[in-house]
Amino acid sequence: MGPNIFVGCGGSGIGALRRLHVLLCEDHHWRKRMDSDVYYVVADTELAEIRDFKAHVRRHAREARAPFVAAIPLSQGVSSLQSPVTEAFGGLKAPDPLTDGPEHRHFRHWWYHPTTRDLYIASKLTDPLTKGAGQCPSISFFLAWKEMPAIDRTLRTVVDEIIKRRRDGAPLDEANFHIVAGLGGGTGRGCWNLLAFKLRHFMEERLGDKVKLTAHLFDASVSADRIARRPDTKTAMEVNSLTGLSELSCWMRNDGAVDEYPEPHLYRLPHLERPFD
């Protein structure tokens with residue numbers, strides 16, 4: 001049935017993988033197969049979360065050979081969005097949609113101030129990005145887009161490790177990917193969809209239709225304890241969840257519905273200042 005690659009996006013996604021790993025370690029069937037059939041890929045802006053997860057995997061595996069863990073540190077070497085946004089777009093003013101060509105598509109769709117046209121750089125975020133995305137999905141969305149070449153190299157490393165660890169030495173001919181992310185936070189909500197598209201494209205080039213990609217997503221309702229401790233996070237988590245579910249519903253409606261809906265529904269990102277509009 002092929003190896004299982006679990007991709008944890010953001011703190012909530014990685015937290016779910018921590019609990020999954022404990023269960024796998026306690027299961028006799030999976031415990032003896034973890035080194036060859038279980039692989040983890042963790043993507044986060046909070047670098048400490050990635051380090052803690054690696055230590056957690058080693059600690060609970062104990063005498064068994066631990067699963068391979070690949071990291072995607074989205075905020076590596078980045079303290080704020082100003083530098084990478086300026087580097088990517090060449091300035092802090094929004095482009096003219098009438099004169100810029102299709103190669104500037106991402107630039108044209110990036111958030112900007114409606115009056116000054118200053119590009120969005122999450123200037124109100126007080127902590128460095130290495131401590132998280134501050135419940136702002138646009139941060140991890142941009143960083144995942146920016147780090148796509150590095151993500152590609154990480155996936156190649158995972159595939160190489162799978163082949164190396166296969167007991168029979170056979171080439172990789174099928175695989176199961178499981179993306180795990182919370183929609184209420186910032187990092188997971190912002191980067192899971194880009195990672196999903198990249199994973200599908202990357203693996204379909206190698207395995208065709210023998211790759212199985214499943215997303216396990218959960219909304220703010222699973223974080224009631226966190227909201228109780230931090231009531232100030234409630235609105236942001238609920239808005240992130242609602243827009244995430246809205247995005248999913250548009251994808252499902254568009255998928256395979258060309259005949260029924262000649263003009264597919266277009267999902268538009270919410271206004272940063274008026275997310276309920």
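Our subject is the structure listed above.
Residues numbered from 1 in each chain as written. Predicted model: local features only at pLDDT ≥ 70, side-chain atom pairs only at ≥ 80, totals over all residues. Heavy atoms only, no water.

(A) Main features of helix α8 (residues 148–165). For α8, which comprises 18 residues, the first-to-last C-alpha distance of 26 Å matches the rise-based estimate of 26 Å (1.5 Å per residue) to within 8%. For α8, every residue scored as buried is listed here: M148, I151, D152, T154, L155, V158, V159, E161, I162 and R165. (Helix = DSSP H or I, 4+ residues; strand = E, 2+ residues; numbered from the N terminus. Expected span 1.5 Å × (residues − 1). Buried < 20%, exposed > 50% of the residue type's maximum accessible area, 1.4 Å probe, protein only.)

(B) The arrangement of the sheet that holds strand β3 (residues 68–73) in detail. Strand order in the open sheet formed by five strands is β3-β2-β1-β4-β5, with parallel pairing between adjacent strands. What marks the edges here is a single partner per strand, and that holds for β3 and β5 (211–218). Between one strand axis and the next, the sheet turns by 15° as a mean value, whatever way the strands run. Contacting β1 (4–9), β2 (38–44), β4 (175–182) and β5, helix α1 (residues 10–26) runs over the sheet at an angle of about 160° to β2. Packing against the sheet, helix α4 (residues 47–61) makes contact with β2 and β3, and its axis sits at approximately 175° to β3. (Pairing = 2+ DSSP bridges. Axes fitted to C-alpha atoms, helices over the stretch in contact; angles between N-to-C directions. Contact = heavy atoms within 4.5 Å.)

(C) Main features of the state of the cysteines. With the rule as written, the count across this model stands at zero disulfides. With no disulfide of its own, C9 has C191 as its nearest cysteine by sulfur position, at a separation of 4.3 Å. (Disulfide = S-S within 2.5 Å.)

(D) Quick look at the pattern of salt bridges. With the rule as written, the count across this model stands at 11 salt bridges. Among the ionic pairs, R229 bridges to D225, the shortest N-O distance being 3.9 Å. One end of the pair is R229 and the other is D225, both in helix α10 (residues 224–229) and four residues apart, which spans about a single turn. As a salt-bridge pair, D232 and R230 come within 2.9 Å of each other at their nearest N and O atoms. Overlapping salt bridges bring together D152, R156 and K198 as one network. (Salt bridge = Lys/Arg side-chain N within 4 Å of Asp/Glu carboxyl O.)

(E) Highlighting the environment of S223. Take S223: it is sitting in the loop between β5 and α10. Separated by 14 residues in sequence, S223 and M237 have C-alpha atoms that sit 8.8 Å apart.

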